[in-house]
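Spelled out, the chains give:
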Amino acid sequence: MQTRPRLLRRPPSEGGRCATHARLPPPPQPSRPGRPPPFPDPSCPRLSALSLPPTHRSRGAGQAHPTRSRSPRSRAQAGFGTGLLQEVVYLVSQGADPDEIGLMNIDEQLPVLEYPQPGLDIIKELTSPRLIKSHLPYRFLPSDLHNGNSKVIYMARNPKDLVVSYYQFHRSLRTMSYRGTFQEFCRRFMNDKLGYGSWFEHVQEFWEHHMDANVLFLKYEDMHKDLATMVEQLVRFLGVSYDKAQLESMVEHCHQLIDQCCNAEALPVGRGRVGLWKDIFTVSMNEKFDLVYKQKMGKCDLTFDFYL
């Protein structure tokens, strides 16, 4: 008699992605790898970026757009809390109010570098310092970023929560219409067969540069564990100035923003919470994932919190 797999479960909780990010553009189509695009005019001001571990390989995405000095760029892989990071960074850098962010199209304020629309058109119009989002691997970033002329904020999320969130994201988009099982999706993730390439390679590439002066490497779980310290890191890295009272107010605003994003009742299973994976991983899946993780990350000293 066939036995049913055991689930690692925790009591369900409400939550999900921010309503302001309910409609996201589809990821770009993979293309052949190449060298980071050089920028033709080294005298042009440079840009900064937010970086989140992507699962995509592309070439020359920023070639026609010179970077501008000291503009932050945010990077991360899809499903790693990209939307949440971009809102927190915008809040800290601009001193904005969470309610104001909820009323604006944040994707116009932080366009995606590699997306043809609305990214590149809006990038041309932004005033410095620009905030630009991307999922590209480190090796495909514009060469000015490699040379330290722009700032990169990178966020990594523990891969078990990430693969669950990424699966839910795929199922929520009409453009993707993924109808496979989570077990199939997780196998594709472990075998580097998803749209943005290998998470394991992506996160290790950025971790190799986490001590670079122009790179701020953050972990998604730290937003939930010690938000005040993360906000202080962002304030120092972005070069903005707050007194003690203003900093405390900013931390409280960021708390409100995270609560809005991670506890939205109108959204499905809480993609934003830590430990999400325990609701869906079976024991055998967890053992297989741990084995693959050890094989691919065994030489890397980067660690993650899988529980809080």
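Calculation notes
Residues numbered from 1 in each chain as written. Predicted model: local features only at pLDDT ≥ 70, side-chain atom pairs only at ≥ 80, totals over all residues. Heavy atoms only, no water. Helix = DSSP H or I, 4+ residues; strand = E, 2+ residues; numbered from the N terminus. Buried < 20%, exposed > 50% of the residue type's maximum accessible area, 1.4 Å probe, protein only. Contact = heavy atoms within 4.5 Å. Areas by Shrake-Rupley, 256 points an atom, 1.4 Å probe, with all protein chains shown as cover. Axes fitted to C-alpha atoms, helices over the stretch in contact; angles between N-to-C directions. Parallel < 35°, antiparallel > 145°, perpendicular 65-115°, else oblique. Nonpolar A, V, L, I, M, F, W, Y, C, P; charged D, E, K, R; others polar. Pairing = 2+ DSSP bridges. Lys, Arg positive; Asp, Glu negative; His and termini not counted. Salt bridge = Lys/Arg side-chain N within 4 Å of Asp/Glu carboxyl O. Phe/Tyr/Trp six-rings, centres within 6.5 Å; stacked < 30°, edge-to-face > 60°. Lys NZ or Arg CZ within 6 Å of the ring centre and 35° of its normal.

**Re the overall build of the chain**
Consideration 1: Looking only at helices and strands, the chain has twelve helices and five strands in total.
Consideration 2: Here the chain holds 308 residues, and 54% of them are scored as buried.
Consideration 3: Considering only intrachain contacts with a sequence separation of at least 6, the fraction spanning at least 24 residues in the chain is 77%.
Consideration 4: Carbon and sulfur atoms make up 50% of the accessible area of the chain, which amounts to about 14700 Å² in all.

**Description of the packing of helix α7 (residues 182-190) against helix α12 (residues 283-297)**
Consideration 1: Axis separation between α7 and α12 bottoms out at 11 Å; the angle between their running directions is 10 degrees. Relative to α12, the element α7 lies roughly parallel. On α12, the residues that touch F182, Q183, C186, F189 and M190 of α7 are M285, K288, F289, V292 and K296.
Consideration 2: Residues of the contact of α7 with α12, tallied by class, amount to seven nonpolar, one polar and two charged.

**Some remarks on unusual backbone geometry**
Most peptide bonds take the trans configuration, and most residues that are not glycine carry a negative phi.
Consideration 1: Omega for the peptide link from S128 to P129 comes to 0 degrees, which places this bond in the cis form.
Consideration 2: Within the fold, P129 resides in the loop between α4 (119-125) and β3 (131-134).
Consideration 3: We note that D192 has phi near 60 degrees; this positive angle belongs to a residue other than glycine.
Consideration 4: Of note, D192 is situated in the loop between α7 and α8 (199-207).

**A closer look at the pairing of strand β4 (residues 151-156)**
In the case of a regular strand, side chains alternate between the two sheet surfaces.
Consideration 1: Burial of β4 is extensive: six of the six residues sit out of reach of the surface.
Consideration 2: Burial of the side chains of β4 extends over both faces: K151, I153 and M155 are buried on one face and V152, Y154 and A156 on the other.
Consideration 3: As judged from the five bridges shared by β4 and strand β5 (residues 215-219), these two strands associate in the parallel manner. Bridging from a neighbouring strand, I153 pairs with L216 of β5.

**Section: the environment of D243**
Consideration 1: Note on placement: D243 falls in the loop between α10 (227-238) and α11 (244-262).
Consideration 2: Relative accessible area serves as the criterion here: at 42%, D243 is assigned to the partly exposed category.

**Observations concerning the side chain of E221**
Consideration 1: Inspection of the secondary structure assignment puts E221 in helix α9 (residues 220-225).
Consideration 2: The buried charged residue E221 lacks any salt bridge partner; its closest oppositely charged side chain belongs to R157, at an N-O distance of 4.8 Å.
Consideration 3: E221 has contacts with A156, R157, N158, V274, F304, D305 and L308, leaving out every residue within four places of it along the chain.

**Notes on the environment of I122**
Consideration 1: Inspection of the secondary structure assignment puts I122 in helix α4.
Consideration 2: Assessed through its relative accessible area of 15%, I122 is described here as buried.
Consideration 3: The sequence separation of I122 and D107 amounts to 15 residues, and the corresponding C-alpha distance is 9.8 Å.
Consideration 4: Excluding residues within four positions of it along the chain, I122 makes contact with E108 and P111.

**Considering the packing of aromatic side chains**
Consideration 1: By the definition in use, this model includes 19 aromatic pairs.
Consideration 2: Each ring, one from Y293 and one from F306, has its centre 6.2 Å from the other, and the planes form 85 degrees; the classification is edge-to-face. Of this pair, Y293 sits in helix α12 while F306 sits in the segment after α12, and the two are 13 residues apart along the sequence. Neither Y293 nor F306 differs from the other in exposure class; each is buried.
Consideration 3: Its end group placed over the ring of F237, K151 keeps NZ or CZ at 5.2 Å from the ring centre.
Consideration 4: Above the ring of F304, the side-chain terminus of K219 is found at 6.0 Å from the ring centroid.

Taken by themselves, the reported measurements are silent on function.
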